[in-house]
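Secondary and tertiary structure notes
Here's the letter readout for the chains.
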Amino acid sequence: MAAADVDVFSNEEKRNLSLGGHVGFDSLPEQLVSKSVTQGFCFNILCVGETGIGKSTLMNTLFNTMFENEEASHYQNGVYLRPRTYDLQESNVRLKLTIVDTVGFGDQINKEDSYKPIVDYIDTQFENYLQEELKIKRSLFNYHDTRIHICLYFIAPTGHSLKSLDLVTMKKLDSKVNIIPIIAKADTISKAELHKFKIKIMSELVSNGVQIYQFPTDDETVSEINASMNAHLPFAVVGSVEEVKVGNKTVRARQYPWGVVQVENESHCDFVKLREMLIRVNMEDLREQTHARHYELYRRCKLEEMGFKDTDPDSEPFSLQETYEAKRKEFLGDLQRKEEEMRQMFVNKVKETEAELKEKERELHDKFEQLKRMHQEEKRKVEEKRKDLDEEMNAFNKKKVSAETLSLSQPLKKDKDKKN
């Protein structure tokens, strides 16, 4: 009866009422802003690209500071990810920024599995957050969220097409992280080549089904600028922390013998567009997309693997307790079955070992009997030879005695003949 009443009330239309005076809940946005500023924000960037393509330089340029950088060699045995966390503050807003670099990416001869360490790292951060959520005593308020909010994928300015490694990696990552492709060192190719290269990249991404991050257009305040910026993807950027004097002002730029490439000059590169879209306009949307889309997909798949569902086959609400009990029974049944299999395997192994030992014992006994018979045969032959030898010795001794007797009788006969 109570459940039916709940259904009736839930289906009842909500009524709009007017207030007789000021209540005060219109200050909720201000309260939320104040709480957020006090708590601070976190933002995690994954930089994917080949060694020496300019990932560290662009990060220094984006945040107008010098992060700790280590020179990476081109002789890494594999790909490993190096996260670095920094505490930044602008005005009264604190930001815990984590930059994750893919060291050794694209440097191996066999690049088939280069994307796997990146996928594993992203899944590990999701798993850590999920484990924190599933704890009985949670501390999400002060938990350091390390989930990747944005992947800046650095594309080499070849001017031709995407490498197979780029397509495979972005395809593996697009369901796990927001991807913004950028053409690095864009000052190395001409504007005409760059325009064709951008079209070629977007065409290959679409034809291969790679889903990159699209700036949201549902918010009226930013829909126009986001829609126009979506047409500029991928951004062609140039990074530099060097200051060069151009005219009467000092700007961040790259100095060449033929001229100066200004980082913040939109006619030279898309750095300003990237900064506006990534930091000043859509940073919160990137955080929301990570939690509401990518993490929720991981969480749903993980819980379904564990046997949890929202409804049972009859579309009835699924009880967490019933699911736990069912999984526990299933686990105990599997454990008992595996124990029985191990026990039976042990018994069979013991029987096989006993049979092998008995067979070896029989073989040793047969070999011993054979050796015993051979020994007896050899002994008999030796006895026969000894007997024959004794007989020969006796015959020889008889002949010797006869010869000695004959030799003694001969001189006596000669003496008798002389006397006569």
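Look up a bit, the structure's there.
Residues numbered from 1 in each chain as written. Predicted model: local features only at pLDDT ≥ 70, side-chain atom pairs only at ≥ 80, totals over all residues. Heavy atoms only, no water.

Here the structure, examined in full by the defined rule, presents 28 salt bridges. Measuring nitrogen to oxygen at the nearest pair gives 4.0 Å for the salt bridge that ties Glu-204 to Lys-200. Highlighted residues: Glu-204 and Lys-200, both in helix α6 (residues 191-207), separated by four residues, approximately one helical turn. By relative accessible area, which is 13% here, Glu-204 ends up buried. A network of salt bridges, in which partner residues are shared, links Lys-198, Glu-266, Asp-270 and Lys-273. (Salt bridge = Lys/Arg side-chain N within 4 Å of Asp/Glu carboxyl O. Helix = DSSP H or I, 4+ residues; strand = E, 2+ residues; numbered from the N terminus. Buried < 20%, exposed > 50% of the residue type's maximum accessible area, 1.4 Å probe, protein only.)

Now for the sheet that holds strand β2 (residues 80-90). Strand order across the open sheet formed by six strands is β2-β3-β1-β4-β5-β6, with mixed pairing between neighbours. Edge positions in the open sheet fall to β2 and β6 (235-236), since each of these has one partner strand only. Where β2 lies against strand β3 (residues 93-103), eleven bridges are found, and the strand directions are antiparallel. Looking at β3, one finds that Thr-85 is bridged to Thr-98. Seen against the sheet, helix α5 (residues 164-173) touches β4 (150-155) and β5 (179-183) and runs at an angle of roughly 170° to β4. (Pairing = 2+ DSSP bridges. Contact = heavy atoms within 4.5 Å. Axes fitted to C-alpha atoms, helices over the stretch in contact; angles between N-to-C directions.)

The next thing to look at is α6. Taking 1.5 Å of rise per residue, the 17 residues of α6 would be expected to cover 24 Å, and the 24 Å separating its terminal C-alpha atoms lies within 8% of that figure. Turning to α6, its buried residues number three or more, namely Leu-194, Phe-197, Lys-198, Ile-201, Glu-204 and Leu-205. The arc enclosing the buried residues of α6, seen along the axis, measures out at 135°, which places them on a common side. Turned more than 90 degrees off the buried face of α6, the exposed positions are Ala-192, His-195, Lys-196, Val-206 and Ser-207. Following α6 by one or two positions, Gly-209 has its phi on the positive side, about 70°. (Expected span 1.5 Å × (residues − 1). Arc of directions from axis to C-beta.)

Under the defined criterion, the tally for this structure stands at ten aromatic pairs. Aromatic side chains Phe-63 and Phe-67 sit 6.1 Å apart centroid to centroid with 75° between the ring planes, which places their arrangement in the edge-to-face category. Judged on exposure class, the residue Phe-63 and its partner Phe-67 are both buried. Both rings, one in Tyr-129 and one in Tyr-295, keep their centres 5.1 Å apart while their planes meet at 85°; by these two values the pair is edge-to-face. Here Tyr-295 lies in helix α9 (residues 283-305) and Tyr-129 lies in helix α4 (residues 116-133), a separation of 166 residues in the sequence. The buried category is assigned to Tyr-129, whose relative accessible area is 10%. Residue classification places Tyr-295 among the buried residues on the basis of a relative accessible area of 0%. Taken together, the ring pairs in this structure connect Phe-126, Tyr-129, Tyr-143, Tyr-295 and Tyr-298 into an aromatic cluster. Note that Arg-147 overlies the ring of Tyr-129, its terminal NZ or CZ placed 3.7 Å from the centroid. The side chain of Arg-147 reaches across the aromatic face of Tyr-295, ending 4.9 Å from its centre. (Phe/Tyr/Trp six-rings, centres within 6.5 Å; stacked < 30°, edge-to-face > 60°. Lys NZ or Arg CZ within 6 Å of the ring centre and 35° of its normal.)

So, about the sheet that holds strand β9 (residues 259-262). Within a sheet, each strand pairs with its neighbour through backbone hydrogen bonds, oriented either parallel or antiparallel. Strand order in the open sheet formed by three strands is β7-β8-β9, with antiparallel pairing between adjacent strands. The strands lining the two open edges of the sheet, one partner per strand, are β7 (243-246) and β9. Geometrically, the sheet is characterised by an average inter-axis angle of 70° between neighbouring strands, direction not taken into account. By the bridge criterion, four bridges tie β7 to strand β8 (residues 249-256) in an arrangement that is antiparallel.

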